[in-house]
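# Structural characterization, general
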Amino acid sequence: GGVVISADELGHLALEADGEACAPVVREFGSGILDEGGRIDRRKLAAEVFGDPDRLELLNSLVHPVVIRREEELIAQAAARDPNGIVVMEAAILIETGGWRRFDRLILAVCPMEAQVERAMHRDGITREQALMRIARQMPLEEKRKYAHYVVDTSGAREETDRQTLAVFQSLRSIRKV
């Protein structure tokens with residue numbers, strides 16, 4: 001019943017050939033990050049930034065403003081369609097970037113470290129070492145818990161995750177903006 005916006009997906013779109021962040025990223029990181037077709041190869045780009053905090057910060061400074069503008073557009077569109085609707089922003093580093101302040105509630109999905117690593121490897125086609133490096137760049141889950149209004153443990157059966165998610169959704173629907 002809610003609108004889900006994926007910050008990661010918006011980031012990918014921003015890096016497409018016609019994306020707003022593409023030219024600035026290529027200008028800063030060079031043609032070595034391009035594939036044979038002249039498009040940004042996200043694996044090459046990741047190799048450039050995940051071992052270097054300054055390079056990662058530079059990339060984020062080019063991509064995040066584009067993503068945030070698009071998020072705000074999509075949120076405004078959803079609000080225009082249904083002023084009482086719920087928009088869920090899916091974002092891995094929402095707390096680290098301070099973006100959490102833009103939202104009324106924060107839902108944190110958690111699972112053990114090994115599950116995080118396995119899921120990242122499967123989802124992104126990366127090595128264990130690359131997954132660990134990416135996770136290390138994020139705030140530890142226990143620290144993130146301090147910001148969360150809701151915590152959904154995704155380490156159990158899918159049905160249990162669905163039950164927790166439904167409970168959060170029902171709680172959010174019961175909240176009335178004043």
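Predicted model, so just to flag it, every value in this text is computed and none were measured.

Further remarks concern the overall build of the protein chain. Scanning the protein chain for helices and strands turns up eight helices and four strands. Taken from N to C terminus, the helices and strands of the protein chain fall in the order β-α-α-α-α-β-β-α-α-α-β-α. Taken against the 2.2 N^0.38 rule, which gives 16 Å for 178 residues, the C-alpha radius of gyration of the protein chain at 18 Å falls within 12% of a compact globule. Overall size of the protein chain, expressed as C-alpha extent along the three principal axes, is 50 × 40 × 25 Å. The buried share among the 178 residues of the protein chain stands at 30%.

Listing the buried residues of helix α1 (residues 7–14) in full gives A7, L10, G11 and A14. Within α1, the buried residues cover an arc of 105 degrees as seen down the axis, which keeps them to one side. Where the residues of α1 are buried, they touch β1 (3–6), α2 (22–29), α4 (53–81) and β2 (87–90).

This next bit is on the side chain of T154. For T154, the location among the structural elements is in the loop between β4 (150–153) and α8 (158–174). Ignoring sequence-local partners within four residues, the contact set of T154 consists of A109, V110, C111, R119 and T161.

Let us now look at the packing of α2 against α4. Two elements in contact, α2 and α4, have axes separated by 9 Å at closest approach and are oriented at 155 degrees. The orientation of α2 with respect to α4, classified from their angle, is roughly antiparallel. Viewed along their axes, α2 and α4 form a crossing whose handedness is right-handed. Contact residues: α2 offers P24, V25, E28 and F29, while α4 offers R55, L58, L59, L62 and V63.

This next bit is on the nonpolar core. V25, F29, I40 and L45 are the most contacted members of the largest nonpolar core, which has 22 residues in total. Sorting the residues of this core by element identifies α1, α2, α3 (42–49) and α4 as the ones contributing at least two each. Apart from residues no more than four positions distant in its own chain, F29 is found in contact with L45, E48, V49, R55, L58, L59 and L62.

The next point concerns the packing of aromatic side chains. The final tally for this structure, using the stated rule, is one aromatic pair. With centroids separated by 5.1 Å and ring planes inclined at 70 degrees, the aromatic side chains of W100 and Y147 adopt a geometry described as edge-to-face. Placement of the pair is W100 in the loop between β2 and β3 (107–110) and Y147 in the loop between α7 (141–144) and β4, with a sequence separation of 47 residues. Exposure remark for W100: the relative accessible area of 26% places this residue in the partly exposed category.

Scoring rules and cut-offs
- Residues numbered from 1 in each chain as written.
- Predicted model: local features only at pLDDT ≥ 70, side-chain atom pairs only at ≥ 80, totals over all residues.
- Heavy atoms only, no water.
- Helix = DSSP H or I, 4+ residues; strand = E, 2+ residues; numbered from the N terminus.
- Rg over C-alpha atoms; globule rule 2.2 N^0.38 Å.
- Buried < 20%, exposed > 50% of the residue type's maximum accessible area, 1.4 Å probe, protein only.
- Arc of directions from axis to C-beta.
- Contact = heavy atoms within 4.5 Å.
- Axes fitted to C-alpha atoms, helices over the stretch in contact; angles between N-to-C directions.
- Parallel < 35°, antiparallel > 145°, perpendicular 65-115°, else oblique.
- Left-handed = near helix turned anticlockwise from the far one by under 90°.
- Core = buried A, V, L, I, M, F, W, Y, C linked by side-chain atoms within 4.5 Å.
- Phe/Tyr/Trp six-rings, centres within 6.5 Å; stacked < 30°, edge-to-face > 60°.

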